[in-house]
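Residues per chain are reported as follows:
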Amino acid sequence: QVQFVESGGGLVQPGGSLRLSCAASLINFRLYAMGWYRQLPGKQRELVARRTSGGSSEYEDSVKGRFTISRDIAKKTVYLQMNSLKPEDTAVYYCNIAEQSGPYTSWGQGTQVTVSS
């Protein structure tokens, strides 16, 4: 069974930074596009950053220039470096595959990010 374990969230002031990590129990991790998703209160989960198996990255407009996704193939881990955080970034963040077919139906527990003064 595929598992995702997210960590690194917390409470940070506006303008601050956090680095999220996600360990994925995927047999062929290197072959998948991986993504970070977030779910804002009362809203649907959305994809905010995607890293393809070829090494290119894509970002949702609101996080471009502030967030950076990366991956460590050997550790089967995906990272999300978040800088210049804003209150509207407050959400639960999850990782999952980000293929054209969509994410796996199983999700991790997520990690809460709260941006507040």
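These lines cover the structure that appears in this document, whether it is placed above or below. Predicted model only: the values in this text are computed from it and were never measured.

**Let's talk about the overall build of the protein**
Item 1. Broken down by element type, the protein carries zero helices and ten strands.
Item 2. In summary, the protein has a C-alpha radius of gyration of 13 Å against a globular reference of 13 Å for 117 residues, a match within 12%.
Item 3. Taking the principal axes of the C-alpha coordinates as reference, the protein spans close to 40 × 25 × 25 Å.
Item 4. Long-range contacts, defined here as pairs at least 24 residues apart, represent 55% of the contacts in the protein between residues at least 6 apart.
Item 5. For the protein, the computed accessible surface area is about 6,200 Å², with 47% contributed by carbon and sulfur atoms.

**Quick notes on the pairing of strand S10 (residues 111–115)**
Item 1. Side chains of S10 alternate between two faces, with Thr-111, Val-113 and Val-115 buried and Gln-112 and Thr-114 left unburied.
Item 2. Strand direction decides the pairing type here: strand S2 (residues 10–12) and S10, joined by three bridges, are parallel. Of the residues in S10, the one forming a bridge with Leu-11 is Thr-114.
Item 3. Strand direction decides the pairing type here: strand S9 (residues 91–97) and S10, joined by three bridges, are antiparallel. Residue pairing for S10: Tyr-93 is matched across the bridge by Thr-111.

**Quick look at the sheet that holds S10**
Item 1. With respect to topology, six strands assemble into an open sheet ordered S2-S10-S9-S4-S5-S6, the strand pairing being mixed. For this open sheet the edge positions go to S2 and strand S6 (57–59), each flanked by a neighbour on one side alone. The average angle at which neighbouring strand axes cross in this sheet is 30°, direction not considered.

**Comments concerning the nonpolar core**
Item 1. By size, the foremost hydrophobic cluster in this structure holds 26 residues, and its most contacted members are Phe-4, Leu-26, Met-34, Trp-36, Leu-80, Met-82 and Tyr-93.
Item 2. Elements with a minimum of two residues in this core: strand S3 (18–24), strand S4 (34–39), strand S5 (45–51), strand S7 (67–72), strand S8 (77–82), S9 and S10.

**Section: the side chain of Thr-77**
Item 1. Here Thr-77 shows up in strand S8.
Item 2. Looking at Thr-77, the relative accessible area reads 10%, which means it is buried.
Item 3. Within the local environment of Thr-77, its side chain forms a polar contact with the backbone oxygen of Lys-75, the two atoms lying 2.9 Å apart.
Item 4. Aside from chain neighbours lying at most four places away, what touches Thr-77 is Ser-21, Cys-22, Ala-23, Phe-29, Ser-70, Arg-71 and Asp-72.

**Let's talk about the sheet that holds S3**
Item 1. Across the sheet, four strands lie side by side as S1-S3-S8-S7; this open sheet has antiparallel pairing. Two strands lie at the open edges of the sheet, namely strand S1 (4–7) and S7, each paired on one side alone. The mean angle between the axes of side-by-side strands here comes to 15°, regardless of whether they run parallel or antiparallel.
Item 2. In this sheet, S8 lies alongside S3 in antiparallel orientation, the contact comprising six bridges. Following the sheet pairing, Ser-21 is matched in S8 by Tyr-79.

**Regarding the pattern of salt bridges**
Item 1. All told, the structure shown has five salt bridges when counted by the stated rule.
Item 2. Among the ionic pairs, Arg-38 bridges to Asp-89, the shortest N-O distance being 3.0 Å. Taken together, the positions of Arg-38 in strand S4 and Asp-89 in the loop between S8 and S9 put the pair 51 residues apart, joining distant regions of the chain. Assigned by exposure class, Arg-38 and Asp-89 land together as buried.
Item 3. Where Asp-61 meets Lys-64, a salt bridge forms, and the shortest distance between an N and an O atom there is 3.1 Å.
Item 4. One network of salt bridges, with partners in common, ties together Arg-38, Glu-46, Arg-66 and Asp-89.

Criteria and thresholds
Residues numbered from 1 in each chain as written. Predicted model: local features only at pLDDT ≥ 70, side-chain atom pairs only at ≥ 80, totals over all residues. Heavy atoms only, no water. Helix = DSSP H or I, 4+ residues; strand = E, 2+ residues; numbered from the N terminus. Rg over C-alpha atoms; globule rule 2.2 N^0.38 Å. Contact = heavy atoms within 4.5 Å. Areas by Shrake-Rupley, 256 points an atom, 1.4 Å probe, with all protein chains shown as cover. Buried < 20%, exposed > 50% of the residue type's maximum accessible area, 1.4 Å probe, protein only. Pairing = 2+ DSSP bridges. Axes fitted to C-alpha atoms, helices over the stretch in contact; angles between N-to-C directions. Core = buried A, V, L, I, M, F, W, Y, C linked by side-chain atoms within 4.5 Å. Polar contact = N/O pair within 3.5 Å; in protein donor to acceptor, adjacent residues only side chain to side chain. Salt bridge = Lys/Arg side-chain N within 4 Å of Asp/Glu carboxyl O.

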